[in-house]
Amino acid sequence: GAGGTTTREGGEYRLNGGTLTVAGDIIEGAVGDQNNNIDAAQFKIQGGTLIVNDGNTIHVQRFGLGDDGGTAAGSFTKTDGILRSSGTTIVGNNFVGELTLNNVDGGAANMIVSNTGNSSGSFFTLDNGTTYEVTQTGTNRFDVGNQNGSNGTVNILGGSELTINGRIDLGQAGNAQGHIN
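Cut-off values and rules
Residues numbered from 1 in each chain as written. Predicted model: local features only at pLDDT ≥ 70, side-chain atom pairs only at ≥ 80, totals over all residues. Heavy atoms only, no water. Core = buried A, V, L, I, M, F, W, Y, C linked by side-chain atoms within 4.5 Å. Buried < 20%, exposed > 50% of the residue type's maximum accessible area, 1.4 Å probe, protein only. Helix = DSSP H or I, 4+ residues; strand = E, 2+ residues; numbered from the N terminus. Contact = heavy atoms within 4.5 Å. Phe/Tyr/Trp six-rings, centres within 6.5 Å; stacked < 30°, edge-to-face > 60°. Patch = residues over 30% accessible without salt bridge, like charges linked within 9 Å, V, L, I, M, F, W, Y side chains within 5 Å. Areas by Shrake-Rupley, 256 points an atom, 1.4 Å probe, with all protein chains shown as cover. Salt bridge = Lys/Arg side-chain N within 4 Å of Asp/Glu carboxyl O. Pairing = 2+ DSSP bridges. Axes fitted to C-alpha atoms, helices over the stretch in contact; angles between N-to-C directions.

Colleague: Talk me through the nonpolar core; I want residue IDs and the actual numbers.
Modeller: Soluble globular proteins: nonpolar side chains tend toward being buried together. Judged by nonpolar contacts, the single largest core of 28 residues is most densely connected at L50, F63, F76, L99 and F124. Of all the elements, strand β6 (residues 57-65) adds the most residues to this core, at four residues. If sequence neighbours within four positions are ignored, F76 has contacts with I45, L50, V52, I58, F63, L65, E98, L99 and T100.

Structure representation (structure tokens):
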């Protein structure tokens, strides 16, 4: 409240191997009420398999595939439902990332596809009527092939729509490459 201090909450889940099956939603606050107190709810896939029932919601502060320090690339396919990050969705940072959305309502404040040379070959595919919006507030942006040696690809298929409210950086540094098909 006014004049008081706010305790920030959150956490991080890293799927590094095996299979995680979630019958419900993965969210950063109570169902239907995105808790303003949570600023660091992160879900990262570094290997293994995530199974989320079709039609369910994933809404976290950061959603990462091949994001950091894991032992393998991260990939995920979501069919129906919602996939949103109130902060960053990153598909390939220190490892290759692959994200495929089929008939999904999605979005992020900031999005990166292939951030470093280690993540070269990362891709983000929207298919089967998926709508995805990068809202970009402040210095946020949509990067495809960000740092030297990175190579990212975005595929927009099957009547899907990608909306970028601001800047798009394609192949930003050195021999980086960014592709939108």
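What follows picks up the thread again.
Colleague: Break down the packing of aromatic side chains for me, citing the residues and quoting the values.
Modeller: A full pass over the atoms with the stated rule returns four aromatic pairs. Their ring planes at 15 degrees and their centres at 5.3 Å tell us that Y13 and F43 sit as a pair that is stacked. Of this pair, Y13 sits in strand β1 (residues 12-15) while F43 is found in strand β4 (residues 42-45), placing the two residues 30 residues apart along the sequence. Its relative accessible area of 37% is what places Y13 among the partly exposed residues. Judged by centre distance (6.3 Å) and plane angle (15 degrees), the ring pair of F43 and F63 falls under stacked. Note that F43 is positioned in strand β4 and F63 in strand β6, a separation of 20 residues in sequence. For the pair formed by F43 and F63, the shared burial category is buried. By the ring-pair criterion, three or more aromatic residues cluster together here, those being Y13, F43, F63 and F76.

Colleague: Tell me about a nonpolar patch on the surface, and please be specific about residues and values.
Modeller: Nonpolar side chains collect at one region of the surface, where I168, L170 and I180 lie side by side and expose about 240 Å² of accessible area between them. According to the relative accessible area criterion, I168 is partly exposed, its value standing at 40%.

Colleague: Residues and numbers for the environment of D105, please.
Modeller: Among the secondary structure elements, D105 is positioned in strand β10 (residues 105-113). A relative accessible area of 31% places D105 in the partly exposed class. Sequence separation between D105 and Y132 is 27 residues, and the spatial gap between their C-alpha atoms is 6.2 Å. If sequence neighbours within four positions are ignored, D105 has contacts with G81, I82, L83, R84 and T131.

Colleague: Lay out the sheet that holds strand β11 (residues 122-127) with the relevant residues and their values.
Modeller: Spatially, the five strands line up as an open sheet ordered β7-β9-β11-β14-β17, and their pairing is parallel. The open sheet terminates on both sides in strands that have one partner only, identified here as β7 (74-79) and β17 (177-180). Taken pair by pair, the neighbouring strands of this sheet meet at an average axis angle of 5 degrees, ignoring direction. Judged from the six bridges that link them, β7 and strand β9 (residues 97-102) form a sheet pairing that is parallel. The residue bridging G74 from the neighbouring strand is G97, located in β9.

Colleague: Give a detailed account of the side chain of D169, specifying residues and quantitative values.
Modeller: Assignment of secondary structure puts D169 in strand β16 (residues 168-170). Note on D169: relative accessible area 12%, which makes it buried. Setting aside its immediate chain neighbours within four residues, D169 contacts R141, F142, D143 and V144.

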